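Report on the structure
What follows is each chain in one-letter form.
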Amino acid sequence: MSHILAVSPHLDDAAFSIGGMLAAHARGGGRVTIVTCFTATMPDPAGFALACQLDKGLGPEVDYMALRRAEDDAACAVIGARAIHLPLPEAPHRGYDSAPALFAGRHAGDGILPALAAALRDALEDSAADVVLGPLAIGDHVDHWLVRDALLAAKPDVLLWEDWPYVARVDRRPVAQPVRRHVLSEEDRADKAEMCECYASQIGFQFGSRAALSAALDAADSERLHRV
Ligand SMILES: [Zn+2]
């Protein structure tokens, strides 16, 4: 029984980007583990970090990351995947103080990479997975780049997915040919949609509405992996 380990920067990226592929693997009897890197609850968020939950209608008293970890547990349960949550802080808790700052390169003072690399090396070793997947970092979110860099350092043959929904923006398409293209079956689409809908706190922000998420999923015919 082969084992896929998907390394997701945030609580939603793996499902959004390769949920159909993971669902197909699980349906065929394979094991799936989704390790999400930046999932730490940070006490008393302020500034941009607090704004990231307030703008989703969640008050300051809500443990935003606990809510999102529960969303991820539900999404993984759809396909029987194991969810692992690494307790590292998201970029808004590391000095990235605006939405544009998240997509404008790594700060010199952002010292998270050694801790991320160590946590990922442990996760890879513990899982003994046959296949390891991670983000290509299309869209240039700093957290996606950090995961890509840490993964490539730990496992040079890692396969990297096209980050969705970023890749659906025409100017973000990779120029290289994928090494694997998974055409989504009807079952894959249904499972992926069910997984994506679990991330309720992110749907309005990412897509505008559930209907828009559904339309975006309908427009994607395949999921693609690259080697770099
Ligand atoms: Zn992300």
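Let me begin by describing the structure that accompanies this report.

**Structural notes on the environment of Leu 152**
Among the structural elements, Leu 152 can be located in helix H6 (residues 142-154). With 14 C-beta atoms packed within 10 Å, Leu 152 lands in the partly exposed category. Considered as a pair, Leu 152 and Arg 121 are 31 residues apart in the sequence and their alpha carbons are 11 Å apart.

**Some words on the sheet that holds strand S5 (residues 159-161)**
Spatially, 7 strands are ordered S3-S2-S1-S4-S5-S7-S6 in an open sheet, and the strand pairing comes out mixed. Across the chains shown, the open sheet's two edge strands, defined by having one partner strand only, are strand S3 (82-85) and strand S6 (180-183). Averaged over neighbouring strand pairs, the angle between their axes works out to 25° when direction is ignored. Along the sheet face, helix H1 (residues 13-27) touches strand S1 (3-8), strand S2 (31-36), strand S4 (131-135), S5, S6 and strand S7 (222-226) and points at about 175° away from the line of S1. Against the sheet, H6 engages S1, S4 and S5, with an angle of about 150° to S4.

**A short note on the nonpolar core**
Inside soluble globular proteins, nonpolar side chains tend to come together where they are buried. Ala 6, Val 7, Leu 22, Ile 34, Ile 79 and Leu 133 are the most contacted members of the largest nonpolar core, which has 57 residues in total. In terms of residue count, H1 provides more of this core than any other element does, 8 residues in total. In contact with Ala 6, not counting residues within four places along its chain, are Ala 14, Ile 18, Leu 22, Ile 34 and Leu 133.

**Some thoughts on unusual backbone geometry**
Both trends apply: most residues other than glycine have a negative phi, and most peptide bonds are in trans. Between Trp 164 and the following residue, Pro 165, the backbone shows a cis peptide bond with an omega angle of 15°. Structurally, Pro 165 can be placed in the loop between S5 and S6. Here Ala 137, not a glycine, exhibits a phi torsion of approximately 75°, which is positive. Looking at the element boundaries, Ala 137 is found in the loop between S4 and H6.

**Let's talk about the packing of helix H3 (residues 64-79) against helix H7 (residues 186-198)**
Closest axis-to-axis distance for the H3/H7 pair is 8 Å, and the angle between their directions is 165°. Comparing the axis directions of H3 and H7 gives the class roughly antiparallel. H3 and H7 meet at a crossing whose hand is right-handed. Contacts between H3 and H7 pair Glu 71, Ala 74, Ala 75, Val 78 and Ile 79 from the former with Asp 191, Glu 194, Met 195 and Cys 198 from the latter. Looking at the contact of H3 with H7, its residues break down into 6 nonpolar, no polar and 3 charged.

About the cut-offs
- Residues numbered from 1 in each chain as written.
- Predicted model: local features only at pLDDT ≥ 70, side-chain atom pairs only at ≥ 80, totals over all residues.
- Helix = DSSP H or I, 4+ residues; strand = E, 2+ residues; numbered from the N terminus.
- Buried ≥ 20, exposed ≤ 12 C-beta atoms within 10 Å, placed from the backbone.
- Pairing = 2+ DSSP bridges.
- Axes fitted to C-alpha atoms, helices over the stretch in contact; angles between N-to-C directions.
- Contact = placed C-beta atoms within 7 Å.
- Core = buried A, V, L, I, M, F, W, Y, C linked by C-beta atoms within 7 Å.
- Parallel < 35°, antiparallel > 145°, perpendicular 65-115°, else oblique.
- Left-handed = near helix turned anticlockwise from the far one by under 90°.
- Nonpolar A, V, L, I, M, F, W, Y, C, P; charged D, E, K, R; others polar.

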